[in-house]
Amino acid sequence: MTHASPGAAQVPASLDRVSEAGSRFRSAAAGRLIGVDLARGLAILGMFAAHVGPDPSVGGPLGWVMELARGRSSALFALLAGFSLVLLTGRPEPRAGRAGRQAVGRVLIRAVVLIVLGYLLTDLGTSIDVILSYYGLAFVFVLPLHRLRARTLTLIAAATALVLPQILYVLRVTVDNGGWSDAVIAHDPLARLTGSDGFLELLVTGDYPVLTWMSFLIAGMAVARLDLRRPGVRTKVAVCGAALALLGYGGSWLALHLAPGARAAISAAADGAPAASAWWSDTLSGVYGDQVVDTPSWLLVAAPHSQTTFSILGNTGIALLVLATCLAVVERSARVRWAATPLIAVGSISLTAYVGHIIAIKVLGVDDMPDSAALPVLLSFAAAAMVPALAWTRIFRRGPLEVLMHAATAPARLIS
């Protein structure tokens, strides 16, 4: 079976239940947060599709859906992680005084747990590039911004999307062509503990480098600071998402067609892989997203895991569109909300669902199954997530791992 190694978001967006939502849809405010759970549930299914589903090369509507899941769902998870960080530290206004310090402490403990859990899942040896460690470090980097207002956060998200991909590209090229990275890794305690490239991997060379992925979290924080009850706010979020998607993917398509020699340079540097789909896909060619091609023309692509400005803009746009749609439908349509209950349940225990699916891939040996089994396996994974999640959330407020995460952050109460 073919897997997209960067996968769809492995993520998780905060990967913890939005506790204010509850599980019984008690109020309009709860309904708005249930929309976040619905979006997170869709991202979970997108992750399943990328990890165990059919390859996009099957073509047709199924191939298009599989292609859409790759990269876009991981960006959605990251954006929702930023949204949830604001929920944890206080919304609509950040908590102040002792309560604020305790909230910051809980986030930092959560970050450490995610980093550790990410490395433990990586050690299972599956084909999945686990994102949890990257998320944990990203929480630490964006946490100082949690008191800022939506407009300021939006400007910072835009600035990081415009500037940091270029810095990341230069750093990755110098890592490939120079020896300074070996000295950094040799003095990194995390590298020694984990047998990896440590913080250099998490920040720069890994599949979800914090240097660029924190743009998604900051964008999610900006959305969380908005008053989503005000008429027209969700529409503005959706319009902004559509504009960003057009700017990211459309801008990349134009750049690749207008810049002299750009596609030829990318193809040559990628061992002859076709560059025609690099404005949208990182799987059809087999290389996009797995590496940074050593040519400045690479900065013109928008492949979902390419770590370019165009990719960040496009993926953020899709994530905003999905979130705005989910927030709207759960509030306006009781029937849709009822029909989406299994997905909402999965989204509300996303950490459990995420970790569980990686363990299942390892135990069942899904990596070794033939391509013909991909669709049945995907449907089985979806059912195996939704049915238990629905049963669990009718009884308990948090998922099993969410309960453990909540317990792990309990020492933050001692902060004075």
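The shown structure was predicted, so the numbers you read here are calculated from the model rather than taken from an experiment.

**Student:** I would appreciate a short explanation of the pattern of salt bridges in the present structure.
**Tutor:** When the charged atoms of two side chains with opposite charge come close together, those side chains can pair. Under the defined criterion, the tally for this structure stands at 5 salt bridges. Between R229 and D227 there is a salt bridge whose closest N-O contact spans 3.1 Å. Accessibility expressed as a relative area gives 31% for D227, which makes it partly exposed.

**Student:** Looking at this model, I keep getting lost on the packing of aromatic side chains. Mind explaining?
**Tutor:** Note on aromatic pairs: each is described by the distance of the centres and the angle between the planes. Scanning the entire structure with this criterion turns up 7 aromatic pairs. For the pair Y134 and Y208, a centre-to-centre distance of 5.7 Å together with 70° between the ring planes defines the contact as edge-to-face. Taken as a pair, Y134 in helix α4 (residues 132–142) and Y208 in the loop between α8 (198–205) and α9 (210–224) lie far apart in primary sequence, 74 residues in all. Relative accessible area serves as the criterion here: at 1%, Y208 is assigned to the buried category. Residues W392 and F396 carry aromatic rings whose centres are separated by 4.4 Å and whose planes lie at 35° to one another, so their mutual orientation is tilted. Given a relative accessible area of 29%, W392 falls into the partly exposed group. Through successive ring pairs, a cluster of aromatic residues spans Y134, Y208, W213 and F216. Its guanidinium or amino end placed over the ring of W280, R72 lies 3.9 Å from that ring's centre, counting from NZ or CZ.

**Student:** Would you mind showing me how to read empty space enclosed by the protein here?
**Tutor:** Rolling a probe over the atoms, with the probe sized like a water molecule, indicates the empty space that remains. By the definition in use, this model includes 2 cavities of 30 Å³ or more. Counted as a void, the second largest cavity has a volume near 30 Å³. Taken together, I131, Y134, Y135, A138, Y208, V210, W213 and L217 make up the full set of residues lining the second largest cavity. Within the residue set of the lining of the second largest cavity, elements represented by two or more residues are α4 and α9. Here the lining of the second largest cavity is built from residues that sort into 8 nonpolar, no polar and no charged.

**Student:** I'm lost on the side chain of S252 in this one. Help?
**Tutor:** Tracing the backbone shows S252 in helix α10 (residues 233–258). Polar contacts involving the side chain of S252 include one to the main-chain amide nitrogen of A302, which spans 3.2 Å. In contact with S252, not counting residues within four places along its chain, are L247, A278, W279, L300, V301, A302 and F310.

**Student:** Honestly, the confidence of the model for the protein chain in this entry has me stumped. Any pointers?
**Tutor:** The predicted coordinates ought not to be read in detail in places where the model reports low pLDDT. Per-residue confidence for the protein chain gives a mean pLDDT of 88; residues scoring 70 or more make up 89%. Between residues 1–32, whose pLDDT stays under 50, and residues either more than four places distant or in other chains, the model counts 137 contacts.

**Student:** Can you walk me through helix α5 (residues 150–177) in this structure?
**Tutor:** Along an α-helix, residues three or four apart share an orientation, since each turn contains 3.6 residues. Taking 1.5 Å per residue, 28 residues should reach 40 Å; α5 reaches 40 Å between its end C-alpha atoms and fits that length. The largest bend in α5 is about 30°, located at V163, with the proline P165 one to four residues further on. Turning to α5, its buried residues are A150, L153, A157, T160, A161, L164, P165, L168, Y169, R172, V173 and V175. As for α5, its buried residues are in contact with α6 (180–186), α8, α9 and α12 (309–332).

About the criteria used
Residues numbered from 1 in each chain as written. Predicted model: local features only at pLDDT ≥ 70, side-chain atom pairs only at ≥ 80, totals over all residues. Heavy atoms only, no water. Salt bridge = Lys/Arg side-chain N within 4 Å of Asp/Glu carboxyl O. Buried < 20%, exposed > 50% of the residue type's maximum accessible area, 1.4 Å probe, protein only. Phe/Tyr/Trp six-rings, centres within 6.5 Å; stacked < 30°, edge-to-face > 60°. Helix = DSSP H or I, 4+ residues; strand = E, 2+ residues; numbered from the N terminus. Lys NZ or Arg CZ within 6 Å of the ring centre and 35° of its normal. 1 Å grid on protein atoms, 1.4 Å probe; cavity = no way out; pocket = protein on both sides within 12 Å on 5 of 7 lines; lining within 4 Å. Points joined across faces, edges and corners; volume = space filled by probe spheres on them. Nonpolar A, V, L, I, M, F, W, Y, C, P; charged D, E, K, R; others polar. Polar contact = N/O pair within 3.5 Å; in protein donor to acceptor, adjacent residues only side chain to side chain. Contact = heavy atoms within 4.5 Å. pLDDT = per-residue confidence, 0-100. Expected span 1.5 Å × (residues − 1). Bend = angle between axes of the 7 residues up to and from the residue.

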